[in-house]
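Letter by letter, the chains look like this.
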Amino acid sequence: MNVIKRKNTPPTQFGRSSNGEGKFRFMLQIKLALVLLCAGLGYFVYSNWQSWLESLDGDRKITAYALVGQNEFTTYPDVQDVLLKMGSLKGFWGQDVKQIQEQLETIPWVKGAVVRKIWPNRLSIWLSEYQPVAIWNKTEFVTKEGTVFQLPMDKLKEKALPYLGGPDYQSLKVLEAWNQIFADFKAKNLLVKGVTIDDRGAWQVTLDNDIVLKLGRGDWKPKLDRFVTIYPQIEVPEGKRIDYVDLRYASASAAVGLIEK
């Protein structure tokens, strides 16, 4: 008996036909073209956006401004000087307020600025200012956070500020020392008007009667405690006054400098 063997046929493989692959490539190309078109359109709009806005203004320029909020130091002439240095401002649509804000923040005592446009030709300007708590190095000022800034002396309303000094990076350290020394001496019925530190880290304290306490480097607290103890015992000849007390050296006494009254 003859047995007829069937040939094994490979299983049918399913996949995309060549026609389907062609459609897929075509759609991919369409999507890529749309992406490139959108990117190009976006770049075109971005490149011409400012000129389009300026064209809306025509000949109308921003010509007025108002200072809002409470400003202790900044006046209208101060703001006007900044705006004049910028040249002619653009109109409501074309003017970039960020440029004005950046220029206003170049005023040495201005901490920050917020500028808004008001239709049709005005600016609303809000400024925050640094607040001085002490004079710094005789010509500048320092805030309670230790920020050193400049301010014309004639703008200062509070004249009874302490005199502090030192390298700018030491401002906060000097301010903290001042607060502690002032409180300690006030409790002992002594008044202080200045504290300084030099580049080598040497401290000096000036009393309200202009006596200078030379403390040198290192821990100044025990030296000030020693001064409080010996101060009532210092004998001053008639016609003289104490110029300084040198407390830099560890001893029970201190060197006292005298000058003519």
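The coordinates are above.
What you see is a predicted model; the values in this text were computed from it and never measured. (Residues numbered from 1 in each chain as written. Predicted model: local features only at pLDDT ≥ 70, side-chain atom pairs only at ≥ 80, totals over all residues. Heavy atoms only, no water.)

Engineer: Just checking my understanding: could you explain the overall build of the protein for this structure?
Structural biologist: When you go through the protein residue by residue, the secondary structure sums to five helices and twelve strands. Counting every position in the protein, which comprises 261 residues, the buried fraction comes to 33%. Put simply, 46% of the contacts in the protein that link residues at least 6 apart link residues at least 24 apart. Counting every atom, the protein has about 17,800 Å² of accessible surface; 55% of that belongs to carbon and sulfur. (Helix = DSSP H or I, 4+ residues; strand = E, 2+ residues; numbered from the N terminus. Buried < 20%, exposed > 50% of the residue type's maximum accessible area, 1.4 Å probe, protein only. Contact = heavy atoms within 4.5 Å. Areas by Shrake-Rupley, 256 points an atom, 1.4 Å probe, with all protein chains shown as cover.)

Engineer: Teacher, can you tell me more about the pattern of salt bridges here?
Structural biologist: Where charged atoms of side chains with opposite charge meet at close range, the side chains can pair. Throughout the structure, instances matching the rule amount to six salt bridges. The salt bridge partner of Asp 198 is Arg 200, with a shortest N-O separation of 3.4 Å. Assessed through its relative accessible area of 54%, Arg 200 is described here as exposed. Lys 221 is the partner of Asp 225 in a salt bridge, and the nearest nitrogen-oxygen pair spans 3.6 Å. Note that Asp 225 and Lys 221 are positioned in helix 5 (residues 221-230) at a spacing of four residues, about one turn of the helix. Residue classification places Lys 221 among the partly exposed positions, given a relative accessible area of 35%. (Salt bridge = Lys/Arg side-chain N within 4 Å of Asp/Glu carboxyl O.)

Engineer: Can you help me understand the sheet that holds strand 7 (residues 163-165) in this one?
Structural biologist: Within a sheet, each strand pairs with its neighbour through backbone hydrogen bonds, oriented either parallel or antiparallel. The nine strands are arranged 6-5-4-7-8-9-10-11-12 in an open sheet whose pairing can be described as mixed. Since the sheet does not close on itself, it has two edges, and those belong to strand 6 (148-149) and strand 12 (255-260), each with one partner. With five bridges connecting them, strand 8 (residues 192-197) and strand 9 (residues 203-207) associate as antiparallel partners. Within strand 9, the position partnered with Val 192 by the bridge is Leu 207. Against the sheet, helix 4 (residues 171-187) engages strand 4 (134-136), strand 5 (140-142), strand 6, strand 7, strand 8, strand 9 and strand 10 (212-216), with an angle of about 145° to strand 8. Across the sheet, helix 5 lies against strand 9, strand 10 and strand 11 (240-246), angled at about 145° from strand 10, the strand it touches most. (Pairing = 2+ DSSP bridges. Axes fitted to C-alpha atoms, helices over the stretch in contact; angles between N-to-C directions.)

Engineer: Quick question: what am I supposed to make of the sheet that holds strand 2 (residues 110-118) here?
Structural biologist: Taken together, three strands build an open sheet; the order of strands is 1-3-2 and the sheet is mixed. Two strands lie at the open edges of the sheet, namely strand 1 (64-68) and strand 2, each paired on one side alone. Within the sheet, the average angular offset between the axes of one strand and its neighbour, ignoring direction, is 25°. The pairing of strand 1 with strand 3 (residues 122-129) spans five bridges and is parallel. Among the inter-strand pairings, Leu 67 is bridged to a residue of strand 3, identified as Ile 125. Seen against the sheet, helix 2 (residues 76-85) touches strand 1 and strand 3 and runs at an angle of roughly 135° to strand 1. Along the sheet face, helix 3 (residues 97-104) touches strand 2 and strand 3 and points at about 155° away from the line of strand 2.

Engineer: Any chance you could explain the packing of aromatic side chains here in plain terms?
Structural biologist: The description of an aromatic ring pair uses the distance of the two centres, along with the angle that the planes make with each other. A full pass over the atoms with the stated rule returns ten aromatic pairs. Through a chain of ring-to-ring contacts, the aromatic side chains of Phe 92, Trp 93 and Trp 119 assemble into a single cluster. Its guanidinium or amino end placed over the ring of Phe 92, Lys 117 lies 5.5 Å from that ring's centre, counting from NZ or CZ. (Phe/Tyr/Trp six-rings, centres within 6.5 Å; stacked < 30°, edge-to-face > 60°. Lys NZ or Arg CZ within 6 Å of the ring centre and 35° of its normal.)

Engineer: Could you clarify how one ought to interpret unusual backbone geometry in this entry?
Structural biologist: Residues apart from glycine generally show negative phi values, whereas peptide bonds are mostly found in trans. A cis amide bond links Trp 119 to the next residue, Pro 120, at an omega of 5°. Its location among the elements puts Pro 120 in the loop between strand 2 and strand 3. One non-glycine residue with positive phi stands out, namely Lys 138, at about 70°. Tracing the backbone shows Lys 138 in the loop between strand 4 and strand 5.

Engineer: Looking at this structure, how should I read the packing of helix 4 against helix 5?
Structural biologist: Packed helix pairs are specified by the crossing angle of their axes together with the interaxial distance, meaning the distance between the axes. Here helix 4 crosses helix 5 at 25°, and the two axes come no closer than 12 Å. In terms of orientation, helix 4 and helix 5 fall into the roughly parallel class. Pair helix 4 / helix 5 crosses with right-handed handedness. Here helix 4 contributes Gln 180, Ile 181, Asp 184 and Phe 185 to the contact with helix 5, which in turn contributes Lys 221, Leu 224, Phe 227 and Val 228. Residue composition of the contact of helix 4 with helix 5, by class: five nonpolar, one polar and two charged. (Parallel < 35°, antiparallel > 145°, perpendicular 65-115°, else oblique. Left-handed = near helix turned anticlockwise from the far one by under 90°. Nonpolar A, V, L, I, M, F, W, Y, C, P; charged D, E, K, R; others polar.)

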